[in-house]
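# Structural overview for review
Here are the chains, one letter per residue:
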Amino acid sequence: MRLLRFISFGTLTLGLTWVLNTYQPFGAPVPALGALFSPFSGFWANADAASLPTEKLELHSEQLQGKVEVLFDERLVPHIFAEQFLDAIFAQGYITAMHRLWQMDISSRAAAGRLSEVLGDRTLENDLNQRRKGLLRGAKAALIALKNSKEEWSIIEAYTAGVNAYIKTLQPADYPIEFKLLGYAPELWTPLKTTLCFKNMAETLCYRHADLPTTNARALFGPALFDFLYPAYNPKQSPVIPATVKWDFKTLMIAPPKKDLKLLSQIWPRHKMPMPDESLGSNNWALSGSKTASGHPIICNDPHLNLTLPSIWYEAQIHTPETNVYGVSIPGLPGIIIGFNENIGWGVTNVGQDVLDWYAIKWLNDAHTEYAYDDQKKKVDIKYDTVFVRGRKNPVIEPLKFTVWGPVAFENVPQSPYRGLAMHWLAAEQPEPREFYEVGTFSRLMKAKNHADYAKALMGYDAPAQNFAFACKDGDIALKVNGKFPLKTPGQGRFVQDGSFSSNAWHGYIPRDQIPQVKNPERGFVASANQNSASPAYPYYYNGEFDDYRGRLINRRLAEMNKATIQDMMQLQTSSYSLLAEEATPLLLKLLSRNDLTESENALVKQLETWDFKFRYDATTPVLFQAFLDSVYTFTFDEILDQPDSIEIQKPRTWRLLELLEQFPQHDIFDRRATKNKKENAADLVLDAFHQVVREWTPKFKAGFNWRQQNKAEIRHMARIPAFTRNDLAVSGYRQAPNASNGGNGPSWRMVVELGPEIKAYGVFPGGQSGNPGNSNYDAMIPKWVKGEYNELFFMKNAQDRRQKVLATWSMQK
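Residues numbered from 1 in each chain as written. Predicted model: local features only at pLDDT ≥ 70, side-chain atom pairs only at ≥ 80, totals over all residues. Heavy atoms only, no water.

### Quick notes on the overall build of the protein chain
For clarity, the threshold we go by: In DSSP terms, a helix is any run of H or I states spanning at least four residues, a strand is any run of E spanning at least two, and both are numbered starting from the N terminus. Radius of gyration: over C-alpha atoms. The globule rule applied is 2.2 Å multiplied by the number of residues raised to the 0.38 power. Think of it in three bands: residues with accessible area under 20% of the maximum for their type are buried, residues over 50% are exposed, and the middle band is partly exposed, with areas taken using a 1.4 Å probe on protein chains only. Every residue pair with non-hydrogen atoms within 4.5 Å of one another is taken to be in contact. In short, Shrake-Rupley with a 1.4 Å probe defines the accessible areas, and a residue's cover is counted only from the protein chains shown. The sign given to each residue is positive for Lys and Arg and negative for Asp and Glu; His and the chain ends receive no count. By convention, charge coordinates are those of NZ in Lys, CZ in Arg, CG in Asp, or CD in Glu.
The secondary structure content of the protein chain amounts to 24 helices and 27 strands. Taking 28 Å as the expected radius of gyration for a compact globule of 814 residues, we find that the protein chain reaches 27 Å, a close match to that expectation. C-alpha atoms of the protein chain, sized along the principal axes, occupy 80 × 70 × 60 Å. Counting across all 814 residues of the protein chain, residues that qualify as buried make up 61%. The long-range fraction of contacts in the protein chain, counting pairs at least 24 apart against all pairs at least 6 apart in sequence, stands at 72%. Accessible surface for the protein chain amounts to roughly 32300 Å². Of this, 51% is attributable to carbon and sulfur atoms. Charge-centre separation for the protein chain: the mean point of 90 positive side chains lies 2 Å from the mean point of 87 negative side chains.

This is how it looks when you write it as structure tokens:
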């Protein structure tokens, strides 16, 4: 054991020496080497931290009302047994901070625009953008609303108290290693930090928007060709809520907007503004007992997010008189976000509907302090934000302008096309007063016993909108496209809008009971994978970015299943089969003239013909397919892709490319700009694309280049510290497959739960419970996750349950 520890510490020393000599995370200054390598308080203290918790420990806190017992299993999962619910939340805050304190700190700082306080000038622009978008103001507004919810505020206070109880035990030697590397100390947790963690979720999941590039596309092509290239709905789509569902409610009437055609013909420069990765997505589904081998419902979820170390998720069980619940939480947020109890299970996927619109303001002076609104003069509201920057004597004072629509977010960025535009974003709005909000949603789901409890819990949830799948022991299954959705006129929010008239505002919100939802559908399952919420028959307009392939494939597979097992669910979650490849490959090969190919080129064609459409990490064919499809796309839409770099144009969807190839092979869109004396059709273009792929990729194919090298699956440390990152992973999967592995994105938590008399539950995430790189549980689950294997979740019945090994028992009391 001592030899192993010596080797481990030596490896960590070498890794950190390399880091300090070659790398500065976030561009930040690195602390003095003497402090970092101190044998008493430096990184050795972290490396020497026990891989497992102290076997027996008693903790006392004045915030506790009753007794709490915390048992740790072999994977460091805490099983919290408390006499009172709020005591359990206190314990959750304490234990989560013990394992993930730096992650919690840096996440809340990133959302608030406070990174520069500890990281210096390199993160100043990021912080200013966060302030300009209104994230901090939105979190403060949410905090005011939360104080009016007795239930929710008590939960947040209990969690905050637990986190701070742990922080107060720390000496500098105990700080997580990232604090030492970056040279700063943890500060106490606050309820505001918890609301900021929710806003961080909102930014990741509902901040994407395409108003400017879509307006550019319409201006470039004109309305007729734009509508042809950019149809709003894929006719092959299999929506979240089955098209067979009838909408038997009376819809609200909406007044028509006032349009400014000049805005729709304007070309806006490229915004160059960071936005969440477009490849983020998720899968969830629930099967009725009529479709399972056991006769019991099964619920599954695998959210696809940016993969990080420490991991996004933290596993926990909470047992109180009100509930016995297991699942994953987000460090910084109380409760279980995805999980199950003894009666129900639930899972979430992102909805993808657009809840952020940009408005062009009619300014009445050069200083942009007055603007026209309904033919009247209005003054902007100017607030001043203070951003402290490490290494600077004086803070940066940023004036922020607000209109009736929201912030003039990039007024102080002269080169931004958003300068002078106002942003209306749901996540930054003041929530209306009500009984409970997002924290209360999850606490009520944790205690839910049936569909009625589930439905009531969802009433408090606004953003980011999620598809909440549900299954219950009593046999019910359901899914609700849940959140707060603007009432829009058709097309509203797709383009930049005229901010001079109030008629262009959202017309309120879709009533909660009219949001797309279904209970116990005839097909025997519910499912979502970020596709359209409902068919065009749904009476309310919505827009956004939606998946075109995973949802269709999952619905098809589930429809085909009977007597489904837990193993079947795991195989579907980890499937690298792509419906996009299934549809695109034969279409491209049908258009490809074999007579114009060489023998070696025909050999590659044969490879595609015999392909099973699976993106295995060690296969070459997926690389060939992707290169072929990308080349055809580039040749087809050269008019768009060849625009000056200063202009950003919305790209047509891949499903529309395939539809054009199949239905309109002679269309002018296939004529390449680069060949002046020749007019190509689809077949010509496909042939040219294949020739190009062969020329460019044959040397790599001969060298054995495979999908693993192309996909570059990795899990990066949150501070991008190479020594703490895991890369070059042998992961199968594809963005358009159920197992949506895509570089640094992918399934962040896989869960399969069968809700029978005896709960059977399995799960895995790509990391470990501990946030300490020197701990064996920092990345312990990555090998299983890579292979598509699962852990059997230890859902303890009581504190004496020993069906699996318990490594440590802690007690907490006043």
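### Quick word on unusual backbone geometry
Across the junction of Leu309 and Pro310, the peptide omega takes the value -5°, indicating a cis bond. Considering the arrangement of structural elements, one finds Pro310 in the loop between β6 (308-309) and β7 (314-319). Between Ala463 and Pro464 the backbone carries a cis peptide bond, its omega angle lying at -5°. Its place among the elements puts Pro464 in the loop between α14 (451-458) and β17 (466-472). For Leu76, which is not glycine, the phi torsion reads 70° and is therefore positive. Along the chain, Leu76 falls in the loop between β2 (68-73) and β3 (78-82).

### A look at the confidence of the model for the protein chain
What counts here: Along the chain, pLDDT gives the predictor's confidence residue by residue, from 0 to 100.
On average, residues of the protein chain score 91 in pLDDT, and 93% of them reach the 70 mark or higher. Every residue in residues 1-24 scores below 50 in pLDDT, and together they form 32 contacts with partners more than four places removed in sequence or on other chains.

### Regarding helix α8 (residues 150-167)
Working note: α-helix, 3.6 residues per turn, so residues spaced by three or four point in the same direction. Just so we agree on the cut-off: Multiply 1.5 Å by the residue count of a helix minus one, and that product is the helix's expected span.
Counted at 1.5 Å a residue, the expected span for α8 with its 18 residues is 26 Å, and the 26 Å between its end C-alpha atoms agrees. Among the 18 residues of α8, 14 are classified as buried, and the element is accordingly described as predominantly covered.

### Describing the pattern of salt bridges
Stated formally: The salt bridge criterion pairs a side-chain nitrogen of Lys or Arg with a carboxyl oxygen of Asp or Glu, the two atoms within 4 Å.
Enumeration over the complete set of coordinates arrives at 41 salt bridges. For the salt bridge of Glu187 with Arg109, the shortest nitrogen-to-oxygen distance reads 3.6 Å. Of this pair, Glu187 sits in the loop between α9 (177-182) and α10 (191-206) while Arg109 is found in helix α4 (residues 85-112), placing the two residues 78 residues apart along the sequence. The class for Glu187 is partly exposed, based on a relative accessible area of 27%. Its relative accessible area of 3% is what places Arg109 among the buried residues. One salt-bridge network, in which partners are shared between bridges, spans Asp105, Arg109, Arg114, Glu117, Glu187 and Lys193.

### Considerations on empty space enclosed by the protein
Rule in force here: Using a 1 Å grid laid over the protein atoms alone, points where a 1.4 Å probe fits but cannot get out form a cavity; open sets with protein on both sides within 12 Å along at least 5 of 7 lines form a pocket; any residue with an atom within 4 Å of a point counts as lining. Grid points are joined across faces, edges and corners, and a volume is the space filled by probe spheres set on the points. Under the scheme applied here, ten amino acids are nonpolar (Ala, Val, Leu, Ile, Met, Phe, Trp, Tyr, Cys and Pro), four are charged (Asp, Glu, Lys and Arg), and all others, including Gly, are polar.
For the structure on display, the rule yields 3 cavities of 30 Å³ or more. Here the largest cavity is characterised by a volume of approximately 280 Å³. Lining the largest cavity we find 20 residues, and of these Ala142, Lys199, Pro431, Glu438 and Ala463 sit closest to its centre. Contributions of two or more residues to the lining of the largest cavity are made by α7 (135-146), α10 and α13 (438-447). Among the elements that take part in the lining of the largest cavity, α10 stands out by supplying 4 residues, more than any other. Each residue belonging to the lining of the largest cavity can be placed in one class, and the counts come to 11 nonpolar, 2 polar and 7 charged.

### Some details on the nonpolar core
Selection rule: Remark: nonpolar core denotes a set of buried residues (Ala, Val, Leu, Ile, Met, Phe, Trp, Tyr, Cys) joined through side-chain atoms within 4.5 Å.
In terms of nonpolar packing, the biggest core is built from 149 residues, with Val70, Trp285, Trp313, Phe340, Leu558, Met569 and Met812 touching the most fellow members. The residues touching Trp285, leaving out its near neighbours within four places in the chain, are Ile298, Ile299, Cys300, Asp302, Val526, Ala527, Ile554, Leu558, Met569, Leu572 and Gln573.

### Let's talk about the packing of aromatic side chains
So the rule is basically this: Ring geometry is summarised as follows: Phe, Tyr and Trp rings, the Trp one being its six-membered ring, pair when their centres sit within 6.5 Å, and such pairs are stacked at plane angles under 30 degrees, edge-to-face over 60 and tilted between the two. The rule for a charge over a ring is simple: NZ of Lys or CZ of Arg within 6 Å of the ring centre, and within 35 degrees of the ring normal.
Under the counting rule described, the total for this entry stands at 41 aromatic pairs. With a centroid separation of 6.2 Å and an interplanar angle of 80°, the aromatic rings of Phe615 and Phe625 are classed as edge-to-face. Of the two residues, Phe615 is situated in the loop between α18 (599-609) and α19 (621-636) and Phe625 in helix α19; the sequence distance between them amounts to 10 residues. Among the residues examined, Phe625 registers a relative accessible area of 1% and is labelled buried. Seen from their ring centres, Tyr633 and Phe637 are 4.8 Å apart, and the 65° between their planes marks the pair as edge-to-face. Linked through ring pairs, Tyr577, Trp611, Phe613, Phe615, Phe625, Trp707 and Tyr734 together constitute an aromatic cluster. When the ring centre of Phe495 is taken as reference, the NZ or CZ atom of Arg218 above it lies at 5.9 Å.

### Topic: the state of the cysteines
Condition: Cysteine sulfurs are considered disulfide-paired once they come within 2.5 Å of each other.
Following the criterion strictly, the structure yields 0 disulfides and no others. Cysteine Cys197 remains unbridged, with the sulfur of Cys206 as its closest cysteine sulfur at 15 Å. By relative accessible area, Cys197 is classed as buried at 4%. With a relative accessible area of 8%, Cys206 lands in the buried category.

### Let's talk about the sheet that holds β2
Under the convention used in this document: One requirement defines pairing of two strands: DSSP has to find at least two bridges between them. Every angle, taken between N-to-C directions, lies between 0 and 180 degrees, and every axis is a line fitted to C-alpha atoms, over only the stretch in contact when it is a helix.
Taken in spatial order, the 11 strands line up as β1-β27-β2-β3-β7-β8-β9-β10-β17-β18-β20 in an open sheet, and their pairing is mixed. Taken across any chain shown, the strands that pair with only one partner, and hence form the sheet edges, are β1 (56-60) and β20 (517-519). Strand-to-strand twist in this sheet, taken as the mean axis angle between neighbours without regard to direction, amounts to 15°. By the bridge criterion, 5 bridges tie β2 to β3 in an arrangement that is antiparallel. Paired with Phe72 across the bridge in β3 is Pro78.

### Observations concerning the packing of α7 against α10
Put simply, the test is: By definition in this entry, angles of less than 35 degrees are roughly parallel, angles greater than 145 are roughly antiparallel, angles of 65 to 115 are roughly perpendicular, and the rest are oblique. Crossing handedness is defined as follows: a turn of the near helix away from the far one that is anticlockwise and smaller than a right angle gives a left-handed crossing, while the clockwise case is right-handed.
As a packed pair, α7 and α10 sit with axes 9 Å apart at the nearest point and diverge in direction by 125°. The pairing of α7 with α10 is recorded here as oblique in orientation. In the crossing of α7 with α10, the sense of the turn from one axis to the other is right-handed. Residues Leu135, Leu136, Gly138, Ala139, Lys140, Ala142, Leu143 and Leu146 of α7 form the contact with α10, whose own contacting residues are Pro191, Leu192, Thr195, Leu196, Lys199 and Glu203. Of the residues that constitute the contact of α7 with α10, the class distribution is 9 nonpolar, 2 polar and 3 charged.

### Observations regarding the environment of Glu152
Relative to the helices and strands, Glu152 resides in helix α8. Once you skip the residues sitting within four places of it in the chain, Glu152 turns out to touch Leu146, Phe436, Tyr437, Glu438, Val439 and Gly440.

### A short note on the packing of α13 against α14
At a minimum axis separation of 8 Å, α13 and α14 run at an interaxial angle of 170°. For the element pair α13 / α14, the angle class is roughly antiparallel. Side by side, α13 and α14 meet where Thr441, Arg444 and Leu445 of the first sit next to Tyr454, Lys456, Ala457 and Leu458 of the second. For the contact of α13 with α14, the class distribution of residues is 4 nonpolar, 1 polar and 2 charged.

### Structural notes on the side chain of His79
Heads up, the rule is: Under this definition, polar contacts are N or O atom pairs within 3.5 Å; protein pairs additionally need one hydrogen-donor-capable and one acceptor-capable atom, and for neighbouring residues in sequence, both atoms have to be side-chain atoms.
The residue His79 is located in strand β3 in this model. At 2.6 Å, the side chain of His79 forms a polar contact with the side chain of Gln317. Engagement of the side chain of His79 in a polar contact is seen with the backbone oxygen of Phe794, the distance being 3.4 Å. Other than its neighbours up to four places away in sequence, His79 contacts Glu69, Val70, Leu71, Asp73, Gln317, Tyr326, Phe794 and Met796.

### Focus: a nonpolar patch on the surface
This is how the line gets drawn: Within this analysis, patches are made of residues with over 30% relative accessible area and no salt bridge. Like charges are joined at 9 Å or less; nonpolar side chains (Val, Leu, Ile, Met, Phe, Trp, Tyr) at 5 Å or less.
Together, Ile382, Tyr384 and Ile397 make up an exposed nonpolar region whose accessible area comes to about 310 Å². For Ile397, the position within the fold is in strand β15 (residues 396-402). Exposure remark for Ile397: the relative accessible area of 46% places this residue in the partly exposed category.

### Re the environment of Leu597
With respect to the element layout, Leu597 can be found in the loop between α17 (579-591) and α18. For the pair Leu597 and Pro773, spaced 176 residues apart in sequence, the C-alpha to C-alpha distance is 53 Å.

### Structural notes on the sheet that holds strand β19 (residues 497-498)
Taken in spatial order, the 3 strands make up an open sheet running β16-β11-β19, and their pairing is mixed. Because the sheet does not close on itself, it has two edges, and the strands there are β16 (421-425) and β19. As paired strands, strand β11 (residues 356-360) and β16 are joined by 5 bridges and run antiparallel to one another. Looking across to β16, one finds that Trp358 is bridged to Met423.

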